[in-house]
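# Overview (structure and organization)
The chain contents come next:
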Amino acid sequence: MLEPAVIVLRLLQFAGAMVLFGSSLFLIYALPQDGAGSGAELSWPRKVLAWSAGVVLAASVVGLLAHTSILAGSVREGMTASSLSAVMTTMSMGPSTLIRAGAAALALAALARRVSRATWWVCAGLGAVISASFAWMGHGAATEGAPGLLHLTADILHTLAAGAWIGALVAFFLLLRPRAASVTLDGVLHRALHGFSGVGTGLVAVIIATGLVNSWFLVGPARISGLWTTPYGQLLSLKLVLFVSMLALAAANRFRLTPALGAAIDGGQASDHALGALRRSLLLETALSILVLGLVAWLGTLAPVSAG
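Residues numbered from 1 in each chain as written. Predicted model: local features only at pLDDT ≥ 70, side-chain atom pairs only at ≥ 80, totals over all residues. Heavy atoms only, no water.

## Quick look at the overall build of the protein
Scanning the protein for helices and strands turns up 11 helices and 0 strands. From first element to last, N terminus to C terminus, the protein shows the α and β order α-α-α-α-α-α-α-α-α-α-α. A compact globule built from 308 residues would reach a C-alpha radius of gyration of about 19 Å, and the protein, at 20 Å, matches this within 12%. C-alpha extents for the protein along the principal axes are approximately 65 × 50 × 35 Å. Counting across all 308 residues of the protein, residues that qualify as buried make up 48%. Long-range pairs, those at least 24 residues apart, make up 78% of the contacts in the protein with a sequence separation of at least 6. If you sum the accessible surface of the protein, you get close to 14,600 Å²; carbon and sulfur atoms cover 70% of it. Computed over 17 positive and 10 negative side-chain charges, the inter-centroid distance for the protein is 3 Å. (Helix = DSSP H or I, 4+ residues; strand = E, 2+ residues; numbered from the N terminus. Rg over C-alpha atoms; globule rule 2.2 N^0.38 Å. Buried < 20%, exposed > 50% of the residue type's maximum accessible area, 1.4 Å probe, protein only. Contact = heavy atoms within 4.5 Å. Areas by Shrake-Rupley, 256 points an atom, 1.4 Å probe, with all protein chains shown as cover. Lys, Arg positive; Asp, Glu negative; His and termini not counted. Charge placed at Lys NZ, Arg CZ, Asp CG, Glu CD.)

## What about helix α5 (residues 93–112)?
Its 20 residues give α5 an end-to-end C-alpha distance of 29 Å, which sits within 8% of 28 Å, the value for a rise of 1.5 Å per residue. Residues M93, G94, S96, T97, R100, A101, A103, A104, A107, A110 and L111 constitute the buried set of α5. Those residues of α5 that are buried lie in contact with α1 (2–29), α2 (44–72), α4 (81–90) and α6 (117–133). (Expected span 1.5 Å × (residues − 1).)

## Considerations on the nonpolar core
Counting 75 residues, the largest nonpolar core has F26, L31, W44, I130, W165, F172 and L189 as its most contacted members. For this core, the secondary-structure elements that each account for two or more residues are α1, α2, α5, α6, α7 (145–175), α8 (183–218), α10 (231–266) and α11 (272–299). In terms of residue count, the dominant contributor to this core is α7 (12 residues). Those residues in contact with F172 that lie beyond four places of it in its chain are F26, L189, A192, L193, F196 and L282. (Core = buried A, V, L, I, M, F, W, Y, C linked by side-chain atoms within 4.5 Å.)

## As for the packing of α1 against α11
The geometry of α1 relative to α11 is characterised by a closest axis approach of 8 Å and an angle of 130° between their N-to-C directions. Considering the angle they form, α1 stands oblique to α11. With respect to the hand of their crossing, α1 and α11 are arranged in right-handed fashion. Judged by residue contacts, I7, R10, L11, F14, A15 and M18 of α1 engage I290, L293, G294, V296, A297 and W298 from α11. Residue classes in the contact of α1 with α11 are distributed as 10 nonpolar, 1 polar and 1 charged. (Axes fitted to C-alpha atoms, helices over the stretch in contact; angles between N-to-C directions. Parallel < 35°, antiparallel > 145°, perpendicular 65-115°, else oblique. Left-handed = near helix turned anticlockwise from the far one by under 90°. Nonpolar A, V, L, I, M, F, W, Y, C, P; charged D, E, K, R; others polar.)

## Comments concerning the packing of aromatic side chains
Scanning the model with the defined rule gives 5 aromatic pairs in all. Aromatic side chains F14 and F134 sit 4.7 Å apart centroid to centroid with 85° between the ring planes, which places their arrangement in the edge-to-face category. You can see F14 sitting in helix α1 and its partner F134 sitting in the loop between α6 and α7, a full 120 residues away along the chain. A relative accessible area of 6% places F14 in the buried class. Ring centres of F26 and F172 lie 4.8 Å apart, and the angle between their planes is 75°; this geometry places the pair in the edge-to-face category. On the criterion of sequence distance, the pair formed by F26 in helix α1 and F172 in helix α7 is long-range, its members being 146 residues apart. Members of the aromatic cluster, each reached through a chain of ring pairs, are F26, Y29, F172 and F196. (Phe/Tyr/Trp six-rings, centres within 6.5 Å; stacked < 30°, edge-to-face > 60°.)

## Concerning the side chain of S131
Here S131 is to be found in helix α6. Not counting chain neighbours up to four residues away, the residues in contact with S131 comprise A17, F21, T159 and L160.

## Considerations on the packing of α2 against α4
When two helices pack together, their arrangement is given by the angle between their axes and by how far apart the axes lie. Here α2 crosses α4 at 105°, and the two axes come no closer than 10 Å. Relative to α4, α2 is oriented roughly perpendicular. Across the interface between the two elements, L64, L65, T68, L71 and A72 from α2 touch S83, L84, V87 and M88 from α4. The residue makeup of the contact of α2 with α4, split by class, is 7 nonpolar, 2 polar and no charged.

## Some points on the environment of E3
With respect to the element layout, E3 can be found in helix α1. In this structure E3 comes out as partly exposed when scored by relative accessible area, which is 48%. Sequence separation between E3 and A66 is 63 residues; the distance between their C-alpha atoms is 8.3 Å.

## Let's talk about the side chain of S83
Examined against the element boundaries, S83 turns out to sit in helix α4. Using a relative accessible area of 14% as the deciding quantity, one classes S83 as buried. Not counting residues within four places of it along the chain, the set of residues in contact with S83 comprises T68, A72, E77 and G78.

## Topic: the environment of M93
Mapped onto the fold, M93 is located in helix α5. What makes M93 buried here is its relative accessible area of 12%. M93 sits 198 residues away from L291 along the chain, and the two C-alpha atoms are 24 Å apart. Excluding residues within four positions of it along the chain, M93 makes contact with L64, H67, V87, R100 and W136.

Listed below in structure tokens is the structure:
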């Protein structure tokens, strides 16, 4: 039962870190600095970021104990000082977990104070540290020599780009929650959606480029058939299908649904229909992103195709 628990705890850490990083970043570049529609004036940012940091903190600690228990052979042995010490001193997972827990605790402390634009910067920075630390939980840290540095760098950039995208999805979905009609907030939402189109294109480019680098190390051209014949390859193939589905939804948001919202606002028409369509699309895209993170959490526990 510990193996499934480790996967779930990894998923919680991934999701919490990406919301903390990506949503904080979104509050900085996509919303007004102050006034109506700014992060400080909205009710959800502080709560969502605090929950995200709390999930990372709790899941990091429990995840370390669960993983140590698997390595030690039992929960009882995993809780001993000797087992924990061995993980902390001989495996990169131990120090990276401490980094995640410490950064999450600092984010909670920052959010306990009066929030401002500086708070979003602090949370984005700490979220970036947490997200980057995942590279030492996966296969990227196992590659040796100069290629290992390339693999590790690609892993970090891949995670940061994914976090910026997923965190923005969560922020958009929360902005789209049913509320009293407001031309001001509809305008803020439309500008954020329109502005994110360029950012999103850059993030997708980074995700694809770094994904290709990672695939070269974890699959390799000589073992491409492993995408269909090994558990790792099959899960990776499913992940790619879900990613392409997310791209299709993102394209629909950018080229059809966002312009429809803008036309409704410019024409002084009710925007309920346009907002509802966007809400459904973003809900589906966010759900797909959670499935992708679940697969990533699972993949990190399996031997890659290149290891066969």
